Amino acid sequence: MGKTKTDSTNWRQGTRLVRGGTERSPFGETSEGLFLTSGFVYGSAEEAEQAFKGENTRYIYSRFSNPTVNMFEERLALLEGADYCLATASGMAAAFAALACFLKAGDRVVASRALFGSCHYIITEQLPKFGIETVLVDGTDLGAWKQALSDGAKAVFLETPSNPALEIIDIRAVAGLTHDADALLIVDNVFATPVGQKPLELGADIVMYSATKHIDGQGRTLGGAILTDNQDYFENHLTTFMRHTGPSLSPFNAWVLLKGLETIDIRVKQHCQNAYAIAEFLSARKEIKNVIYPGLASHPQHDLAMSQMSSGGTMVSFEIDGGKEAAFRFLNGLGLIDISNNLGDAKSLTTHPATTTHQRLSPEQRLEIGIPDGLVRLSVGLEDVDDIKEDLDQALAAVQKV
Ligand SMILES: *Cc1c(COP(=O)(O)O)cnc(C)c1O
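Residues numbered from 1 in each chain as written. Predicted model: local features only at pLDDT ≥ 70, side-chain atom pairs only at ≥ 80, totals over all residues. Heavy atoms only, no water.

1. Here's the deal with the nonpolar core
Generally speaking, nonpolar side chains in soluble globular proteins are found buried as a group.
Reasoning step 1: Core analysis: the largest hydrophobic core is formed by 43 residues, its most contacted members being Leu99, Phe157, Tyr233 and Leu238.
Reasoning step 2: Taken together, the elements giving at least two residues each to this core come down to strand S1 (84–88), helix H4 (91–100), strand S2 (108–112), helix H5 (117–129), strand S4 (155–159), strand S5 (184–188), strand S6 (206–210) and helix H8 (231–245).
Reasoning step 3: With six residues, the single largest contributor to this core is H4.
Reasoning step 4: If we skip the residues at most four places from it in the chain, Leu99 touches Ile122, Ile123, Leu127, Ala155, Phe157 and Ile186.
Reasoning step 5: Formed by 27 residues, the second largest nonpolar core is a distinct cluster that contains Ala326, Leu331, Val376 and Ile388. (Core = buried A, V, L, I, M, F, W, Y, C linked by side-chain atoms within 4.5 Å. Buried < 20%, exposed > 50% of the residue type's maximum accessible area, 1.4 Å probe, protein only. Helix = DSSP H or I, 4+ residues; strand = E, 2+ residues; numbered from the N terminus. Contact = heavy atoms within 4.5 Å.)

Have a look at this one:
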């Protein structure tokens, strides 16, 4: 939906998350209404004609917009501080729409190489099929961005912190280089979460989410969103693309995600607090070679992370001594923490990126983006942190038993 209509821009964040975007029906319901409808009826043929001419603003069809989906979009836009938001059926629908809506054959895209697996696929395999040139760079190397952008670009795409090695990219600096090249910067802000990092304030043009992760936060539905302040991009490219290609979010899923936003601030704060405690706990363990957590001073880009994120985040990655075999013994030894490639859930979830999310890459490509065979990624949940520690402790003991 377009520019936020509510006058709630003066509300503080916590209030925006609970009340932002709410549009009560004549029934006066407390909770946001779930408008599970594909279409809308017109009082007259004239009214339908006007709606299609765009002469009145009203709901036409849920592929275009829907009251429940609109409430989710408005609330997320208020949280992000963005003028415009469109919700999508998944995070990948958001990533693809954000790029495909304005690129054409002959254009060039520069992206960081440490990307979520499916974003890597879109950029390195799907876009080139349409005649779009793509270049991957080491996102932490500003010289590499500068060089790649010196040949021009239409779009720049990056993810920070990256999955799963939690590399930090300087959003402000890359935004500057992107704008020097007359390109638009798209940031995948999933790992940082909308409460943990505000890419638009740091100079990004477009932010995308997998709402499946912390926005739902309870492992129930898929969803995604694209946010921007750029009116031309939103009205002339994204809205048209979305309406006619159909990656729209289901009203039911929008309703679940809308309720997720009510608690995202307090949930993410607790996730981050637990993640910090777990990162410290793991750092003291001899079975672990390396703990990666942006909130620890030992992270190579700790200062940069703290300058653009409000905390160290909800994810901890660590390398277990002994490669894949030791990592598998560890995962199989866990009792409380589940093995799952999902993240941002109330439940602690862990995965072995080399054999799951990043299996498609060659071992060399994996090493290049910081995924050795012993690397484990942990999405720290909302359980009592002492129970998480105890589980990690007994699984690390299992690593030792050969
Ligand atoms: C999960 C994820 C996506 C894709 O989102 P889906 O909702 O699974 O389609 C994109 N980027 C990052 C960083 C993710 O973690």
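Alright, that's what it looks like, and here's the rest.
2. Focus: the sheet that holds S6
Reasoning step 1: Read from one edge of the open sheet, seven strands run S1-S7-S6-S5-S4-S2-S3, paired in mixed fashion. Sheet topology places S1 and strand S3 (133–137) at the edges, where each strand pairs with a single neighbour. Averaged over all pairs of adjacent strands, the angle between strand axes in this sheet comes to 20°, irrespective of strand direction.
Reasoning step 2: The pairing of S4 with S5 spans five bridges and is parallel. Across the sheet, Leu158 pairs through a bridge with Val187, a residue of S5. (Pairing = 2+ DSSP bridges. Axes fitted to C-alpha atoms, helices over the stretch in contact; angles between N-to-C directions.)

3. So, the site of the ligand
Reasoning step 1: Close contacts around the ligand come from 13 residues, with Gly91, Asp188, Ser210, Thr212 and Lys213 the closest.
Reasoning step 2: In this structure, Gly91 approaches the ligand through a main-chain N or O atom, which is 2.8 Å from an oxygen atom.
Reasoning step 3: In this structure, Met92 approaches the ligand through a main-chain N or O atom, which is 2.8 Å from an oxygen atom.
Reasoning step 4: Burial of the ligand by the protein chains amounts to 92% of its free accessible area of 380 Å².
Reasoning step 5: A per-class count over the shell around the ligand returns five nonpolar, five polar and three charged. (Near = heavy atom within 4 Å. Polar contact = N/O pair within 3.5 Å; in protein donor to acceptor, adjacent residues only side chain to side chain. Areas by Shrake-Rupley, 256 points an atom, 1.4 Å probe, with all protein chains shown as cover. Nonpolar A, V, L, I, M, F, W, Y, C, P; charged D, E, K, R; others polar.)

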